[in-house]
Amino acid sequence: MRNLTPRSVLLGLAAPLGALVFAALVCGIILAATGNSPIDTVDAMATAAQRPRTLVNSVNSATVYYLAAVAVAIGFRMKLFNIGVDGQYRLAAMLSAALAGAAFMDNLPSFLRIALTIAVAMLVGAGWAGLAALLKVTRGVSEVISTIMLNAIATYLVSYLLNPARLAETTAGSNNIGTAKITEGGQVPGFEVSGSTTKVFGLILLAAIVGVVYWFVLSRTKFGFELKATGLSESAAVASGVSVKKMVVISMLLSGAVAGLVGMPQLLGASYTYSLDFPPGLGFVGIAVALLGRNNPVGMAVAALLWGFLDNAANALDISGVPREIVLIMQGVIVLSVVVAYELVRRYRVRAEQQAVGKALGRTKTLEEVSA
Amino acid sequence: MTVGGLSVGIETAPARRGKRLSPMVYLLVAVGALLVLSAVRALSGATDLTSAGTVQAALTAAVPLAMAALAGLWAERAGVVNIGLEGMMVLGTFGAGYAGYQWGPWAGVVFGLFLGIIGGLLHAVATVTFGVDHIISGVAINLLAPGAALFLSKLYFADAPGGGQKQSPRIEDAAKVTLPGFSDLMGTIEGKRWFFVSDLAGVLRGLTTEISLLTLLAVVLIVATGWVLWRTPFGLRLRSCGESPSAAESLGVNVLKYKYLAVTASGAFAGLGGAFLAVSSGQYRDGQTGGRGFIGLAAMIFGNWRPGGLATGAGLFGYTDAMALRGSNAVHALLLLLGIALVVVAVIQYRSGHNVLSGVAAAIGVLFGWWYFASSEVPPELVGAAPYVVTLLVLGLASQRLRPPKFVGEPYRKGHAV
């Protein structure tokens, strides 16, 4: 791709940083207009940032967001919009939780149990995404529409299965219902951090591996090249012998498989059961993080950390009396302004490139040349 | 169809000229559908299938869906995909809650519409001016709007009498009207349980009793949209922006202006849908829209990007919604209906030579029929999924009959004709 010059790096950073500053400004104005002090808000967030517990929670959230972002990004790189990550990870987490909590799993060695749970989650995620791929390649149904529909169907399917008569049981002493608790052999131990009672998810390593594989496949393999080529120009890819249908199916299945992983760190590292209060909406966070990080493995990691921190700092805001929803507004403004900023930078680059080409070809004559 | 993405596997219907079905055919189809419905009612004993109460509930449920679908129609006809409908509806519900409890339902409707316009303008700025991908902008709006609404509701409703952090105080409902005399007459006939006649009477009574003025307004808006978009020069120009913006531009149409107008109108309709929802359920609540923006989108696709079609789709999805509220007996009968519908699709596809599709449709239809006869009720958790399943089935089994606007979802820049 492009060579890394100071100028190109600066341009690359201009968009996300500009969007962040713009979002902070908008939120500051909103806070000031509604009678809250922006300074106090920043202060409360800064105080939160110094607590180890907030940081550990932020890293844990970021782990999950990163997986969701990679799942989305696999599709994005070939202009395939997998809006359905949300439904895929919920269905996958629910079914794999039911399997991992089942009594017969107690007799298996720990490693096998965890591997089996994760494999099932990936299969379910891939299968649910595969439905959208099937509709796309056989009937030309837009994956945006079909995955939106599949998200909703997954919601109803999960609420159907999450019933004491089927795969769930009631938790003693509360009106929460969930799958059977995963016993210790099926859990993934976390990393202790001094000063914090919560542990860092052990499956943060899984997220790191997924990130490395994502980078490797996209930039070092034929498949990755064809995927990107299809995203840049479908007709050119077809002309060079890429079977777009095959690419759609494979990348959708991969995206769904990674989406299946999204629920795993939380399931195997913290809640050990899929219950009514399992975190929803992670798929849409994944879209936001992938956009902010430009589908880049490192960029998405930074974006996921930022997102995780914003989410966990929101808890500190409530204590200082600022409505925590300001963080939601801030995240929304960041996403919207960052995509606008990327587009502006892209247009600027194209113009600069055209001017450079023009100069090199000597088409533009200086005033003296014209008058001479 | 493309939504800006890959075009692999796409097969769209060619534009058909002069083969519009006559109103008579539509009437026959409606009578046929009611006949099937009566037969299923008589077979299964699920009287709720055609009772006036169900029809009323279906209408109430259908109106916000129809507005969301209209919102989608306006945007997509001008070539802009709007999956931010859900977010814009949320803004509408908040607006209706805010103005509604203070100054009455109609103020709520107007304010909801106004907030929807703001959402639409945001989408227009991002997609039309800055050329951001439509899906991405829509997703961003869906993230932003619920957060903004929740922030504002904490600010304004937490201390209001009867309100809470996540809900507004009560809103008065809009006035309701009944066709005098006719409604009672239909009620008498409905009580007789005659095959077909009583069913027809039940439906007619549902359509003429206690109808909210909001519902009437929605009907007017659907008809008006059809007239404006298909019978006026303005509508022709707007649709040309969705079919071939470069051709429109070459004829002197200000494409950007029309896209802006369309997306703003789309936001207004979505806001209106949200406002209708909040007013008819008596208050604003967090998470009230519950995916209705997406169902609206589905209704629009089901309706083949046309006002009459989307009204049918919204009515159908509202009907399943109402069924879900009516208990499992009526819902169980829906399985048989779905099975019959699929077999009809199979026959149609077979006659037009699509043997594989016909086979798939028949197989799924038989599966639904088997489910009906093998079980005695449908789990209530699954009923809500019906609109989404139906949409997928329509897209999967009859998509060659759908014809979306040709240039929908593609970025357009002035002077950069393709």
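Thresholds, definitions, all that
Residues numbered from 1 in each chain as written. Chains lettered and ligands numbered in written order. Predicted model: local features only at pLDDT ≥ 70, side-chain atom pairs only at ≥ 80, totals over all residues. Heavy atoms only, no water. Core = buried A, V, L, I, M, F, W, Y, C linked by side-chain atoms within 4.5 Å. Buried < 20%, exposed > 50% of the residue type's maximum accessible area, 1.4 Å probe, protein only. Axes fitted to C-alpha atoms, helices over the stretch in contact; angles between N-to-C directions. Helix = DSSP H or I, 4+ residues; strand = E, 2+ residues; numbered from the N terminus. Parallel < 35°, antiparallel > 145°, perpendicular 65-115°, else oblique. Left-handed = near helix turned anticlockwise from the far one by under 90°. Contact = heavy atoms within 4.5 Å. Nonpolar A, V, L, I, M, F, W, Y, C, P; charged D, E, K, R; others polar. Salt bridge = Lys/Arg side-chain N within 4 Å of Asp/Glu carboxyl O. Buried area = accessible area lost by both parts, 1.4 Å probe. Domains from an automatic or database assignment. Polar contact = N/O pair within 3.5 Å; in protein donor to acceptor, adjacent residues only side chain to side chain.

Visitor: Any chance you could explain the nonpolar core here in plain terms?
Guide: Across soluble globular proteins, you tend to see nonpolar side chains buried next to one another. By size, the foremost hydrophobic cluster in this structure holds 185 residues, and its most contacted members are Leu268 and Trp307 of chain A together with Met67 of chain B. Counting 26 residues, the second largest nonpolar core, distinct from the first, contains Ala330, Val378, Leu393 and Leu397 of chain B.

Visitor: Please explain the packing of helix H3 (residues 85-103) of chain B against helix H12 (residues 292-302) of chain B as it appears in this structure.
Guide: A pair of packed helices is characterised by two quantities: the angle between their axes and the separation of those axes. All names here are of chain B. In contact at an axis separation of 7 Å, H3 and H12 are set at 125° when each is read in the N-to-C sense. As the angle between them shows, H3 and H12 are arranged oblique. Once H3 is placed against H12, the crossing between them reads as right-handed. For the pair H3 and H12, the contacting residues are Leu85, Glu86 and Met89 in the first and Arg292, Gly293, Phe294 and Leu297 in the second. Grouping the amino acids of the contact of H3 with H12 by side-chain chemistry returns four nonpolar, one polar and two charged.

Visitor: Would you mind showing me how to read the side chain of Asn295 of chain A here?
Guide: Residue and element names in this part refer to chain A. Tracing the sequence through the fold places Asn295 in the loop between helix H12 (282-292) and helix H13 (297-319). By relative accessible area, which is 13% here, Asn295 ends up buried. Setting aside anything within four residues of it in sequence, one finds Asn295 in contact with Ala73, Phe76, Arg77, Tyr214, Ala290 and Met300.

Visitor: I would appreciate a short explanation of the pattern of salt bridges in the present structure.
Guide: Proximity of charged atoms lets side chains of opposite charge pair with each other. All names here are of chain A. In this structure the tally under the stated criterion is 13 salt bridges over all chains. A salt bridge links Asp86 to Arg90, with the nearest nitrogen and oxygen atoms 3.0 Å apart. With a gap of four residues between them, Asp86 and Arg90 both fall in helix H4 (residues 85-101), about one helical turn apart. Taken as a pair, Asp86 and Arg90 share a single burial class, namely buried. Salt-bridge contacts for Lys199 lead to Glu192; the nearest nitrogen and oxygen are separated by 4.0 Å. One continuous salt-bridge network, built from bridges that share partners, spans Glu343, Arg346 and Arg347.

Visitor: Explain the interface of chain A and chain B here, please?
Guide: How big an interface is tends to be stated in terms of the accessible area lost upon association of its parts. On the chain B side, the residues contacting the 53 residues of chain A number 49 residues. Interface of chain A and chain B: buried area, both sides summed, is about 4,600 Å²; carbon and sulfur atoms make up 76% of it. On the chain A side of the contact with chain B, Arg139, Met149 and Leu336 of chain A bury the most area, a combined 16% of that side's loss. Counting every contact that joins chain A to chain B gives one salt bridge. For the side of chain A that touches chain B, the elements supplying multiple residues, two or more each, are helix H5 (110-139), helix H6 (143-161), helix H10 (244-261), H12 and helix H14 (325-361) of chain A.

Visitor: Would you explain the domain arrangement of chain A in this entry?
Guide: Residue and element names in this part refer to chain A. Taken as a whole, chain A is organised into domain 1 (1-36 + 328-366) and domain 2 (59-322). For domain 1 versus domain 2, the separation of C-alpha centres amounts to 30 Å. Between domain 1 and domain 2, a total of about 940 Å² is buried, with carbon and sulfur atoms accounting for 74% of that surface. Among the residues of domain 1 in contact with domain 2, Gln331, Val335 and Tyr342 are the three that bury the most area, contributing 51% of the side total. Inspection of the region where domain 1 meets domain 2 yields zero salt bridges. At the boundary of domain 1 and domain 2, one finds two residue pairs in polar contact (both at pLDDT 80 or more). Those elements that place two or more of their residues in the side of domain 1 that touches domain 2 are helix H1 (6-33) and H14. Sort the elements by how many residues they give to the side of domain 1 that touches domain 2 and H14 lands first, with seven residues. When the residues that make up the side of domain 1 that touches domain 2 are grouped by side-chain class, the tally is eight nonpolar, two polar and no charged.

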